[in-house]
Amino acid sequence: MNHHAKSPTSQAFFLWLLLVLVSLPLAVAMALAFGIVAPAVSLALFVLIGVFVLVYMPPDYPLERFGVANSVTLLRGALVSWLAGFIGLPELITDTHLAWSLLTTAFIVLLLDGLDGWLARKKGQTSSFGAKFDMEVDSLFAIVLSLLVWQSDKVGWWVLLLGLPRPMFIVAAWFEPRLKLPLPDSMLRKTICVIQIAVLILLLAPVINPLTSQALAAMVLILLAGSFWRDTRWLLTKRSVT
């Protein structure tokens, strides 16, 4: 056994660095094809994800390794960062061939979202940090997708609300501490979150027209509003009772 194995934080940093190095050829290709803005935005966002990992991974992290599940989540963060590079470039988002590439990448991120949680449970690598990391990457994914859909010009500005529930909940918790209490697991909540992401991905498809896009986005917004109202009411009632 190697008693000088790197700490989980060091493992996370080297994995992050490896993903950056592997992505450099793609970044150069993006810069040559689309200009410097796209790869710059992608790299800046992935730097922020790396900072998040280093700052929020606790010193008493209970696992000896960063873990394969967290590694998958970090890979998801890299792919989401790549998608974010196209924000502000609507002429590319609406290009038929590139739109399908964006949709395919987003679908891979969605599949990996199911994989990291399964791996964490399968390998006994569950942790509060891993759960938070997964949740924040999910939230970032929703924000990026909603921005891409908005810039595809299929749905008005209100589609951004599909990416904002988590940030809005965090802001509300600054003013109402009861919203910081942990929520019980809910299959309904998880199902609605999957529907949220799946529909946002679907709206990137060139074959989905604006009218259908608006109807689907409105349906998801209603589901999200109901889910967050249910969770908010539960948290407020829980504290008032106890």
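A brief structural summary.

Reading guide: rules and limits
- Residues numbered from 1 in each chain as written.
- Predicted model: local features only at pLDDT ≥ 70, side-chain atom pairs only at ≥ 80, totals over all residues.
- Heavy atoms only, no water.
- Core = buried A, V, L, I, M, F, W, Y, C linked by side-chain atoms within 4.5 Å.
- Buried < 20%, exposed > 50% of the residue type's maximum accessible area, 1.4 Å probe, protein only.
- Helix = DSSP H or I, 4+ residues; strand = E, 2+ residues; numbered from the N terminus.
- Contact = heavy atoms within 4.5 Å.
- Patch = residues over 30% accessible without salt bridge, like charges linked within 9 Å, V, L, I, M, F, W, Y side chains within 5 Å.
- Areas by Shrake-Rupley, 256 points an atom, 1.4 Å probe, with all protein chains shown as cover.
- Salt bridge = Lys/Arg side-chain N within 4 Å of Asp/Glu carboxyl O.
- Axes fitted to C-alpha atoms, helices over the stretch in contact; angles between N-to-C directions.
- Parallel < 35°, antiparallel > 145°, perpendicular 65-115°, else oblique.
- Nonpolar A, V, L, I, M, F, W, Y, C, P; charged D, E, K, R; others polar.
- Expected span 1.5 Å × (residues − 1).
- Bend = angle between axes of the 7 residues up to and from the residue.

**Concerning the nonpolar core**
Note that soluble globular proteins tend to have their nonpolar side chains buried in a common cluster.
Right, on to step 1. Grouped together as the largest cluster of nonpolar side chains are 56 residues, with contacts concentrated most on F86, F133 and F141.
Right, on to step 2. With 10 residues, the top contributor of residues to this core is helix 6 (residues 128–151).
Right, on to step 3. Residues in contact with F133, not counting those within four places in the same chain, are I49, F52, V53, F66, N70, T73 and L74.
Right, on to step 4. Of all hydrophobic cores here, the second largest spans five residues; its members include V72, L112, L119 and A120.

**Let's talk about a nonpolar patch on the surface**
Right, on to step 1. A cluster of nonpolar residues, L43, V47, V51, V55 and Y56, forms a patch on the protein surface that exposes about 440 Å² of accessible area.
Right, on to step 2. The residue Y56 is located in helix 2 (residues 37–56) in this model.
Right, on to step 3. A relative accessible area of 47% places Y56 in the partly exposed class.

**Looking at the packing of helix 1 (residues 8–34) against helix 2**
Right, on to step 1. Between helix 1 and helix 2, the least distance of the axes is 10 Å, while the angle of their chain directions is 175°. Overall, the two elements helix 1 and helix 2 adopt an arrangement that is roughly antiparallel. Residues T9, A12, F13, W16, L19, V20, A27, M30 and A31 of helix 1 form the contact with helix 2, whose own contacting residues are A38, P39, S42, L43, F46, V47, G50, V53 and L54.
Right, on to step 2. Tallied by class, the residues present in the contact of helix 1 with helix 2 amount to 15 nonpolar, three polar and no charged.

**Considering helix 1**
Right, on to step 1. Here helix 1 spans 36 Å end to end across 27 residues, near enough to the 39 Å set by a 1.5 Å rise per residue.
Right, on to step 2. The sharpest bend along helix 1 comes to roughly 40°, located at L24, with the proline P25 sitting one to four residues further on.
Right, on to step 3. Along helix 1, the residues that are buried comprise P8, Q11, A12, W16, L19, V20 and M30.
Right, on to step 4. Looking at the packing, one finds that the buried side of helix 1 touches helix 2 and helix 3 (68–84).

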